[in-house]
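What follows is the residue order along each chain.
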Amino acid sequence: MLIDLTNIANSEEKIIHAEVPYKPEVFSSALGEFPIMGKTPVSLEIRNKGNRKLQIAGKMSFEAVIPCSRCLEDVSVRIDMDFEKSVDMKLSASEKIEELDEQNFIDGYNLDVDKLVYGEILINWPTKVLCKADCKGICSTCGVNLNLQTCDCDITDLDPRMAQIRDIFSKFKEV
Ligand SMILES: [Zn+2]
Ligand SMILES: [Zn+2]
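Computed from a prediction, not measured in an experiment: that's the story for all the values here. (Residues numbered from 1 in each chain as written. Chains lettered and ligands numbered in written order. Predicted model: local features only at pLDDT ≥ 70, side-chain atom pairs only at ≥ 80, totals over all residues. Heavy atoms only, no water.)

### Here's the deal with the coordination of the zinc ion (ligand 2)
Argument step 1. The protein atoms that coordinate the zinc ion (ligand 2) are C139 (SG), C142 (SG), C151 (SG) and C153 (SG), at distances of 2.3 to 2.4 Å.
Argument step 2. Here the zinc ion (ligand 2) binds 4 donor atoms, and the angle range of 107 to 111° at the metal identifies the geometry as tetrahedral.
Argument step 3. Positions of the donor residues of the zinc ion (ligand 2) along the chain correspond to the pattern C-x2-C-x8-C-x1-C.
Argument step 4. For C142, a relative accessible area of 40% gives the class partly exposed. (Donors = N, O, S within 2.8 Å, 3.2 Å for Na, K, Ca; no water. Tetrahedral: all angles 85-135°; square planar, octahedral: opposite > 155°, others 65-115°. Buried < 20%, exposed > 50% of the residue type's maximum accessible area, 1.4 Å probe, protein only.)

And the structure:
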C-alpha cells in the first residue's frame, strides 16, 4: 500500500494519521518462510517537521509462527513493533535510498508501507526461539523429539571418555 506524501511534504507542521492493513500472510527472508497471523493494522503518524523533513512513526503487532531452535516444533511468537524514521524529502531518489540504509520504502513522493513494515519485521525478528525454556530438543542420534518421548540412545552406554567429550560438545552446541 502506498501513501502519497506530496501534500504533507508541502505543509509545515502538518500531521497525518493512517491505519493501514498489512496484507502479506507469510514473512519470507533468508531464514525461510514463516506464517504471520493476528496482525493489527499498521498505525502511522507522519509529521512534517519543517524544511521538508518528515518524521514517520509506526506501530504494529502480530504473531509469527517460528520453529523452536532446539526441537523444531512450531512456536507462536508475539512481535510488537514500534518504530520511527526520518525522511528528508529534499534529497534525490538515490540520496534517499542511501540515507535510509538501503531501505527503499520511499518511492518518489510515495511511502511504500509494505516495504517499510517488511524492513521493520526483519529488524525485530527474534534470533532464538524456544517452545519452552527447558526444551529438551531432538536426539542427535535417532531424531526423536525428546519433549514427547524418550529413546534408547543412552549416552551412558558409551565409553565414559566419549561421554565426557560429548558433554563438553553439547555445551557448545546449545543454541
Ligand atoms: Zn522446543
Ligand atoms: Zn535417540
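### Considerations on the layout of surface pockets
Argument step 1. Looking at the second largest pocket, its volume works out to about 170 Å³.
Argument step 2. Lining the second largest pocket, in full, are L31, F34, I66, P67, C68, S69, W125, P126, T127, K128 and V129.
Argument step 3. A per-class count over the lining of the second largest pocket returns 8 nonpolar, 2 polar and 1 charged. (1 Å grid on protein atoms, 1.4 Å probe; cavity = no way out; pocket = protein on both sides within 12 Å on 5 of 7 lines; lining within 4 Å. Points joined across faces, edges and corners; volume = space filled by probe spheres on them. Nonpolar A, V, L, I, M, F, W, Y, C, P; charged D, E, K, R; others polar.)

### A closer look at the nonpolar core
Argument step 1. In this structure, L5, V42, L44, I56, F62, L111 and W125 are the most contacted members of the largest nonpolar core, which totals 37 residues.
Argument step 2. When residues of this core are traced back to their parent elements, those giving at least two are α1 (6-9), β4 (32-37), β5 (42-48), β6 (53-67), β7 (74-88) and α3 (113-124).
Argument step 3. Excluding its chain neighbours within four sequence positions, the residues that come into contact with I56 are L44, E45, I46, F83, E84, K85, V87, F105, I106, L111 and L116. (Core = buried A, V, L, I, M, F, W, Y, C linked by side-chain atoms within 4.5 Å. Helix = DSSP H or I, 4+ residues; strand = E, 2+ residues; numbered from the N terminus. Contact = heavy atoms within 4.5 Å.)

### What to know about the coordination of the zinc ion (ligand 1)
Argument step 1. All of the protein donors around the zinc ion (ligand 1) are C68 (SG), C71 (SG), C131 (SG) and C135 (SG); their distances to the metal are 2.3 Å.
Argument step 2. With 4 donor atoms in place around the zinc ion (ligand 1) and angles of 106 to 115° between them, the coordination shape is tetrahedral.
Argument step 3. The motif formed by the donor residues of the zinc ion (ligand 1), counted along the single chain, is C-x2-C-x59-C-x3-C. One end of the pair, C71, is in the loop between β6 and β7; the other, C131, is in the loop between α3 and α4 (160-173), with 60 residues separating them in the sequence.
Argument step 4. Note on C71: relative accessible area 4%, which makes it buried.

### A word on the confidence of the model for the protein chain
Detailed reading of predicted coordinates is not advised where the pLDDT is low.
Argument step 1. Predicted confidence across the protein chain gives a mean pLDDT of 88, with 84% of residues reaching 70 or more.
Argument step 2. The lowest-confidence element of the protein chain is α4, averaging 58 in pLDDT; the highest-confidence one is β5, averaging 98. (pLDDT = per-residue confidence, 0-100.)

### With respect to the sheet that holds strand β9 (residues 110-112)
Argument step 1. Taken in spatial order, the 3 strands of this open sheet run β1-β9-β8, and their pairing is antiparallel. A strand with exactly one partner marks an edge of an open sheet, and here the two such strands are β1 (2-4) and β8 (106-107).
Argument step 2. In terms of strand pairing, β1 meets β9 through 3 bridges, oriented antiparallel. Its bridge partner being in β9, I3 is matched across the sheet by L111.
Argument step 3. With respect to the sheet, α3 is in contact with β1 and β9, its orientation differing from that of β9 by roughly 40°. (Pairing = 2+ DSSP bridges. Axes fitted to C-alpha atoms, helices over the stretch in contact; angles between N-to-C directions.)

### Description of the side chain of Q55
Argument step 1. Relative to the elements of secondary structure, Q55 occurs in strand β6.
Argument step 2. A distance of 3.3 Å separates polar atoms of two side chains, one belonging to Q55 and the other to K49. (Polar contact = N/O pair within 3.5 Å; in protein donor to acceptor, adjacent residues only side chain to side chain.)

### So, the packing of aromatic side chains
Argument step 1. Taken as a whole, this structure holds 3 aromatic pairs when the rule is applied.
Argument step 2. Relative to Y118, the ring of F27 lies with its centre 4.9 Å away and its plane at 35°, an arrangement referred to as tilted. Note that F27 is positioned in strand β3 (residues 26-29) and Y118 in helix α3, a separation of 91 residues in sequence.
Argument step 3. On the accessibility criterion, Y118 (31% relative accessible area) is partly exposed.
Argument step 4. What links up through ring pairs into an aromatic cluster is the set F27, F34, Y118 and W125. (Phe/Tyr/Trp six-rings, centres within 6.5 Å; stacked < 30°, edge-to-face > 60°.)

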